Amino acid sequence: MISGIVTDRHATVALTFLLPNGSTVLIEFVIDTGFTGELCLPLEAVSLMG
C-alpha cells in the first residue's frame, strides 16, 4: 500500500527509487486525478537513473 498526505488540497505521495549504483532518490509526487497516462520526472532523477 502507498500512503500519502494532503496539503492545501493537493494529495501527494513520496516514492523512493533504487538507482543502478545502489543508492536511492526520494521523489514527491502530486496525485493527478485527471491522469492522462504519462509520468513526468525531474531531469536530475532521470539522469541519476541512467
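Everything below is about the structure shown above.
Residues numbered from 1 in each chain as written. Predicted model: local features only at pLDDT ≥ 70, side-chain atom pairs only at ≥ 80, totals over all residues. Heavy atoms only, no water.

Draft legend 1. Spatial organisation of the pairing of strand 1 (residues 4-7). Here strand 1 pairs with strand 2 (residues 10-18) via four bridges, running antiparallel. Bridged to I5 within strand 2 is T12. Where strand 1 hands over to strand 2, the hairpin turn is made up of two residues, of which D8 adopts a positive phi near 50 degrees. (Pairing = 2+ DSSP bridges. Helix = DSSP H or I, 4+ residues; strand = E, 2+ residues; numbered from the N terminus.)

Draft legend 2. Spatial organisation of unusual backbone geometry. Residues other than glycine seldom take positive phi values, yet D8 does so here, at roughly 50 degrees. Among the secondary structure elements, D8 is positioned in the loop between strand 1 and strand 2. On the basis of relative accessibility, which here comes to 67%, the residue D8 falls in the exposed class. Positive phi, normally seen in glycine, also occurs at R9, with a value near 65 degrees. Tracing the backbone through its elements, the reader meets R9 in the loop between strand 1 and strand 2. Exposure remark for R9: the relative accessible area of 82% places this residue in the exposed category. (Buried < 20%, exposed > 50% of the residue type's maximum accessible area, 1.4 Å probe, protein only.)

Draft legend 3. Highlighting the nonpolar core. V13, L19, V25, I27, F29 and A45 together form the largest nonpolar core, which totals six residues. A per-element tally of this core places strand 3 (residues 24-30) first, with three residues. With residues up to four places along the chain from it excluded, the contact list for L19 reads T24, V25, L48 and M49. (Core = buried A, V, L, I, M, F, W, Y, C linked by side-chain atoms within 4.5 Å. Contact = heavy atoms within 4.5 Å.)

Draft legend 4. Broad picture of the environment of A14. Mapped onto the secondary structure, A14 falls in strand 2. Counting along the chain gives 12 residues from A14 to I2, while the straight-line C-alpha distance between them is 8.7 Å. Contacts of A14, omitting those with residues within four sequence positions, involve L26, I27 and E28.

Draft legend 5. Spatial organisation of the pairing of strand 3. Residues of strand 3 alternate between two faces, with V25, I27 and F29 buried on one and T24, L26, E28 and V30 left unburied on the opposite face. Hairpin connection, strand 2 to strand 3: the antiparallel pair is bridged by five residues, and G22 has positive phi, about 95 degrees.

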